[in-house]
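The primary structure of each chain is shown beneath.
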Amino acid sequence: MGWTAADMPDLSGRDAVVTGANSGLGYCTARELARRGARVVLACRSEARGAAALDRLAAEVPSADARVWRLDLGDLGSVREFARRHERERGGRLGLLVNNAGVMALPHRRTADGFETQFGVNHLGHFALTGLLMPALLRTPGARVVTVSSMLHLLTNVDLRDLNSERRYHRWLAYGRSKTANLLFTHELARRIAATGADVVAAAAHPGYASTNLQTAAPRMEGRKAAEAVQTLGNRLVAQSAEAGALPVLYAATAPGVRPDSFTGPRLLAWRGAPAPSPRASWTRDDRAAARLWAASQELTGVRYEALKA
C-alpha cells in the first residue's frame, strides 16, 4: 500500500498555511494536517467558498483548529496583507507553507498587477508569499515549504525572454511554464537555504492525475460545455481521487527525511498510487536558469528574500 495519511506524525503545536484550501488537493491537505493537530490557515481567494470548506472540515474533524483567511495570489496587495495578518495573529512563526493554489489552461487573462494569469498566480504569487513569510519560517525549527507542481512541467521550459507570454500565448504551454517555474523556484530556494544553514526544507510535489475542479474550470469559464463534459468524464474514469492526489503533498510536508529540492509524486507512472520520488525534467535543476528566474521574480513582485541573500 505504501505511505498513507495514517503515517503522518503528530503535528500538535505546528502552524500551517495551505493556499487554495477551499477544494480539491488543498482542502484534503488542510484537513489531514488539522486531523494531526496542526493549527491550519485555509488561504482562499473566495471567503464564501473558504467558509463552506471550513464548515465541512469542522464536520469531518471536530477537533480541528482551523481558520479561513482571504488570499488572492493574483493580487500582490492581497498577498502582502495576508503576510501582515500572519505576523500579527500567528506570532511570527510558521512550521509549514503549502503553495498549492493554481489555475490551469485558462484563456489569456492578466492579474491585478498585469502579469499573465497562470504565471502570475501559480508562480509569482507564491514566490511573493513565500518571501514575505520567510522570516516566520526561519524562526521555526524544522519548517518546510512545499510547492505543488505538475508532471505537465515536461511540456516546456520557461522562456526567460517572455515570462508573461507577451509575444504569444498558448494556454497549455503557459501552464507548463508556470509548473516548471515552481520547480526552478524550489531548486533555487533550497540552494539559498542551504547556503545560510537554516533549518528549513524546500521541496516540491505533484498529485499525478487527480480529480479536482482544476480540469473543468477553464471550459466552464468559457461556456464550452462539451469540453467540460469530456474533462468530467475523464476525471471519473481515469483520475485518482483528490484524497489520493494529496498524499504526495502530505508526504513532502510531514514525512521524516524529506530532502531539499526533492520532487514527490504518485508511484505508478507518476500518475497514481502511493508517494514516491518523481521524475523531473533536467531543465528544472538548471542553476543558471533558476537564478535568473529568481532575479526576475524579485523585480516583478518587489519581494526580496533579505534573509536568504545569495
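Everything below is about the structure shown above.
Now for a quick tour of the structure.

Cut-offs applied
Residues numbered from 1 in each chain as written. Predicted model: local features only at pLDDT ≥ 70, side-chain atom pairs only at ≥ 80, totals over all residues. Heavy atoms only, no water. Helix = DSSP H or I, 4+ residues; strand = E, 2+ residues; numbered from the N terminus. Rg over C-alpha atoms; globule rule 2.2 N^0.38 Å. Buried < 20%, exposed > 50% of the residue type's maximum accessible area, 1.4 Å probe, protein only. Contact = heavy atoms within 4.5 Å. Areas by Shrake-Rupley, 256 points an atom, 1.4 Å probe, with all protein chains shown as cover. Lys, Arg positive; Asp, Glu negative; His and termini not counted. Charge placed at Lys NZ, Arg CZ, Asp CG, Glu CD. Axes fitted to C-alpha atoms, helices over the stretch in contact; angles between N-to-C directions. Parallel < 35°, antiparallel > 145°, perpendicular 65-115°, else oblique. Nonpolar A, V, L, I, M, F, W, Y, C, P; charged D, E, K, R; others polar. Pairing = 2+ DSSP bridges. Phe/Tyr/Trp six-rings, centres within 6.5 Å; stacked < 30°, edge-to-face > 60°.

### With respect to the overall build of the protein chain
Check the secondary structure of the protein chain and you find nine helices and eight strands. Compactness check: the protein chain gives a C-alpha radius of gyration of 18 Å against a globular reference of 19 Å for 310 residues, within 12% of the reference. For the protein chain, the C-alpha atoms occupy an extent of roughly 45 × 45 × 35 Å along the three principal directions. In the protein chain, which comprises 310 residues, the proportion classed as buried is 56%. For the protein chain, the proportion of contacts with a sequence separation of at least 24, taken over those separated by at least 6, is 75%. In the structure as shown, the protein chain presents an accessible area of about 13000 Å², 52% of it carried by carbon and sulfur atoms. Across the protein chain, the mean location of the 41 positive side-chain charges is 3 Å away from that of the 28 negative side-chain charges.

### Some thoughts on unusual backbone geometry
Phi is positive for alanine 105, close to 55°, though the residue is something other than glycine. Structurally, the position occupied by alanine 105 is in the loop between β4 (96-99) and α4 (117-138). The buried category is assigned to alanine 105, whose relative accessible area is 5%.

### Focus: the packing of α4 against helix α9 (residues 287-301)
Between α4 and α9, the shortest axis-to-axis distance is 10 Å and the interhelical angle comes to 85°. Comparing the axis directions of α4 and α9 gives the class roughly perpendicular. Between α4, through Phe119, His123, Leu124, Phe127 and Ala128, and α9, the contact on the second element is made entirely by Leu293, Trp294, Ser297, Gln298, Leu300 and Thr301. Residues belonging to the contact of α4 with α9 are distributed by class as follows: seven nonpolar, four polar and no charged.

### Things to note about the pairing of strand β8 (residues 272-277)
Summarising the sheet, strand β7 (residues 263-268) and β8 pair through four bridges and their orientation is antiparallel. Within β8, the position partnered with proline 266 by the bridge is proline 275. From the end of β7 to the start of β8, which pair antiparallel, there are three residues, and leucine 269 there has a positive phi angle of about 55°.

### Some thoughts on the packing of aromatic side chains
How two aromatic rings sit relative to each other is set out by the distance from centre to centre and by the angle between their planes. Overall, the coordinates contain nine aromatic pairs when judged by the stated rule. Ring geometry for phenylalanine 127 and tyrosine 305: centres 5.0 Å apart, planes at 50°, overall tilted. Here tyrosine 305 lies in the segment after α9 and phenylalanine 127 lies in helix α4, a separation of 178 residues in the sequence. Overall, tyrosine 305 belongs to the buried group, its relative accessible area being 3%. Aromatic rings pair up to connect Phe127, Phe185, Trp294 and Tyr305 into one cluster.

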